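Here are the chains, one letter per residue:
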Amino acid sequence: MVSYIIRRLLIAIPVIIGVTIFNFIIINLAPGNPVEMFIDPNTSADMIELRKEQLGLNDPMWQQYLHWMGNLLQGNLGFSYTTNDPVVDVLLARIGPTFLLMGLALIVGLTIAIPLGILSAKKQYSFLDYTTMGVSFFGISIPGFFLGLGLIYIFGLTLNWLPSGGMFTLGKEGDLLDRIKHLVLPVMVLSIYVAGTNIRYVRASMLEVFGQDYLRTARAKGLKEYVVTNKHAFRNALIPIITIIGIEVPALLGGAVITEQIFQWPGMGQLTIQSIMSRDYPTLMAINFMAAIMVLSANLITDIVYSVADPRIKYD
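It should be emphasised that the depicted structure is a prediction, and the values quoted were computed from it without experimental measurement.

Digging into the layout of surface pockets
The space that makes up the largest pocket amounts to roughly 480 Å³. If you go around the largest pocket, you meet 21 residues; those closest to its centre are Leu55, His67, Asn71, Tyr81 and Pro282. For the lining of the largest pocket, the secondary structure elements donating two or more residues are helix H3 (45-55), helix H4 (61-73) and helix H12 (281-309). At 5 residues, the largest contribution of residues to the lining of the largest pocket is made by H4.

What about the environment of His182?
Following the sequence through the fold, His182 ends up in helix H8 (residues 176-210). Relative accessible area serves as the criterion here: at 5%, His182 is assigned to the buried category. Taking the C-alpha atoms as reference points, His182 and Trp265, 83 residues apart in sequence, are found 9.0 Å from one another. Dropping the residues within four chain positions of it, His182 is found in contact with Pro163, Gly165, Gly166, Met167, Phe168, Thr169 and Trp265. A polar contact is formed between the side chain of His182 and the backbone oxygen of Asp178, at a distance of 2.8 Å.

Looking at the packing of helix H5 (residues 87-122) against H8
Axis separation between H5 and H8 bottoms out at 6 Å; the angle between their running directions is 35°. Along this stretch, H5 crosses H8, giving a crossing that reads as right-handed. Here the contact of H5 with H8 is built from residues that sort into 24 nonpolar, 5 polar and 2 charged.

Focus: the nonpolar core
Nonpolar side chains tend toward joint burial in soluble globular proteins. With 34 residues, the main nonpolar core has Met102 and Met206 as its most contacted residues. Within the residue set of this core, elements represented by two or more residues are H5, H8, helix H9 (213-220), helix H10 (225-262) and H12. Sorting elements by how many residues they give to this core places H10 first, with 12 residues. Not counting residues within four places of it along the chain, the set of residues in contact with Met206 comprises Ile118, Ala121, Thr229, Ala233, Phe234 and Ala237. By size, the runner-up hydrophobic cluster in this structure holds 24 residues, among which are Leu57, Trp68, Ala286 and Ile287.

Description of the packing of helix H6 (residues 127-141) against H8
Between H6 and H8, the least distance of the axes is 7 Å, while the angle of their chain directions is 135°. By the angle between their axes, H6 is oblique relative to H8. Of the two elements, H6 crosses H8, and the hand of that crossing is left-handed. Every residue of H8 that contacts H6 at Asp129, Thr132, Met133, Ser136, Phe137, Gly139 and Ile140 is listed here: Ile192, Tyr193, Gly196, Thr197, Ile199, Arg200 and Arg203. In terms of residue class, the contact of H6 with H8 is made up of 6 nonpolar, 5 polar and 3 charged.

Digging into the side chain of Ser80
On the secondary structure map, Ser80 appears in the loop between H4 and H5. On the accessibility criterion, Ser80 (3% relative accessible area) is buried. Polar contacts involving the side chain of Ser80 include one to the side chain of Asp280, which spans 2.6 Å. Excluding anything up to four places from it in sequence, Ser80 contacts Asp85, Val87, Asp280 and Thr283.

Overview of H6
Given a rise of 1.5 Å per residue, 15 residues ought to cover 21 Å, and the 21 Å separating the end C-alpha atoms of H6 matches this to within 8%. Within the span of H6, buried status applies to Asp129, Thr132, Met133, Ser136 and Gly139. Looking straight down H6, one finds its buried side chains confined to an arc of 120°; they lie on one side. Looking at H6, the residues exposed on the side facing more than 90 degrees away from the buried face are Phe127, Tyr130 and Ser141. On the buried face of H6, the contacting elements are H5 and H8.

Let's talk about the packing of aromatic side chains
Enumeration according to the criterion identifies 5 aromatic pairs in this entry. Every member of this aromatic cluster is reached through a ring pair, and the members are Phe24, Tyr65, Trp68 and Phe289. Sitting over the face of the ring of Tyr201, Arg200 holds its NZ or CZ atom 5.9 Å from the ring centroid.

Let's talk about a nonpolar patch on the surface
There is a patch of nonpolar side chains on the surface, built from Val2, Ile6, Leu10, Ile13, Ile17, Ile21, Ile25, Leu29 and Met61 and spanning about 790 Å² of accessible area. Examining the composition of the nonpolar patch, we find that 8 residues originate from one element, helix H1 (residues 2-29), more than from any other.

Here we look at the pattern of salt bridges
Oppositely charged side chains can form a pair if their charged atoms are brought close together. Tallied over the entire structure, the rule returns 1 salt bridge. Between Asp129 and Arg203 there is a salt bridge; the shortest N-O distance is 2.8 Å. Of this pair, Asp129 sits in helix H6 while Arg203 is found in helix H8, placing the two residues 74 residues apart along the sequence. Pair check on accessibility: Asp129 and Arg203 agree, each one buried.

Analysis parameters
- Residues numbered from 1 in each chain as written.
- Predicted model: local features only at pLDDT ≥ 70, side-chain atom pairs only at ≥ 80, totals over all residues.
- Heavy atoms only, no water.
- 1 Å grid on protein atoms, 1.4 Å probe; cavity = no way out; pocket = protein on both sides within 12 Å on 5 of 7 lines; lining within 4 Å.
- Points joined across faces, edges and corners; volume = space filled by probe spheres on them.
- Helix = DSSP H or I, 4+ residues; strand = E, 2+ residues; numbered from the N terminus.
- Buried < 20%, exposed > 50% of the residue type's maximum accessible area, 1.4 Å probe, protein only.
- Contact = heavy atoms within 4.5 Å.
- Polar contact = N/O pair within 3.5 Å; in protein donor to acceptor, adjacent residues only side chain to side chain.
- Axes fitted to C-alpha atoms, helices over the stretch in contact; angles between N-to-C directions.
- Left-handed = near helix turned anticlockwise from the far one by under 90°.
- Nonpolar A, V, L, I, M, F, W, Y, C, P; charged D, E, K, R; others polar.
- Core = buried A, V, L, I, M, F, W, Y, C linked by side-chain atoms within 4.5 Å.
- Parallel < 35°, antiparallel > 145°, perpendicular 65-115°, else oblique.
- Expected span 1.5 Å × (residues − 1).
- Arc of directions from axis to C-beta.
- Phe/Tyr/Trp six-rings, centres within 6.5 Å; stacked < 30°, edge-to-face > 60°.
- Lys NZ or Arg CZ within 6 Å of the ring centre and 35° of its normal.
- Patch = residues over 30% accessible without salt bridge, like charges linked within 9 Å, V, L, I, M, F, W, Y side chains within 5 Å.
- Areas by Shrake-Rupley, 256 points an atom, 1.4 Å probe, with all protein chains shown as cover.
- Salt bridge = Lys/Arg side-chain N within 4 Å of Asp/Glu carboxyl O.

Rendered as structure tokens:
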């Protein structure tokens, strides 16, 4: 396993380099200029040109990339064009709220999806099955921004039960209950998507396993149904479910961009939108770099969990 992890980490290096090159080209080819975005409109053309020269924006693209990569290898992600703060500090301030949001959404979504998927498979073609599938399609189909705005209108503005945005109420930074209230709506939006997607996969995977001969044998030996389902069937159905969960991490990160913007959640998603609007190239490159690492890490963790779920899978 250790040698497998080392091989995967070595393979990840050229992948990350390729991703950063692609992102760097896309960002620099996008219309607009970062200097013109944050400088006074009345500034003379000479001053704008001088500022671009100071930031190295007039250098050839390959030279700018090598400069960025050289700084990255030294642990320097540069300085934000808009705030002049080190990009590392900007990211560290934002990554915690995003991980909290994504982690809770994944836990809540799977807590809903796994039991509902198993029940739906066991009661195939029943009222429960059709209802669960309806809930699943609702979660997949409804756009996150539409659901978010609907929840804000109902629970934030009409009923006034929950705050409609932000991470805490001003003056209540240390109030845990207040922070939980601010988490409810954004977590609900993301977890509904996670639950909707996974219910279908859990159901399909369980249905496939339920038809296997070894489960009939287990029942014939007199094992109780919950033992057959939870110990034998679910464990063997886990592999495709784990695959889907690993694939969902990048999708969840993409969903967090919209959700954080709607709920004014101070995470990486909101930072991404702000950086795109202001053409903050160093921050955008750092966000893309972090996202690539997160996706590759999620795939590696998925492979490791495979061997835990099914001991027959060996990587050495």
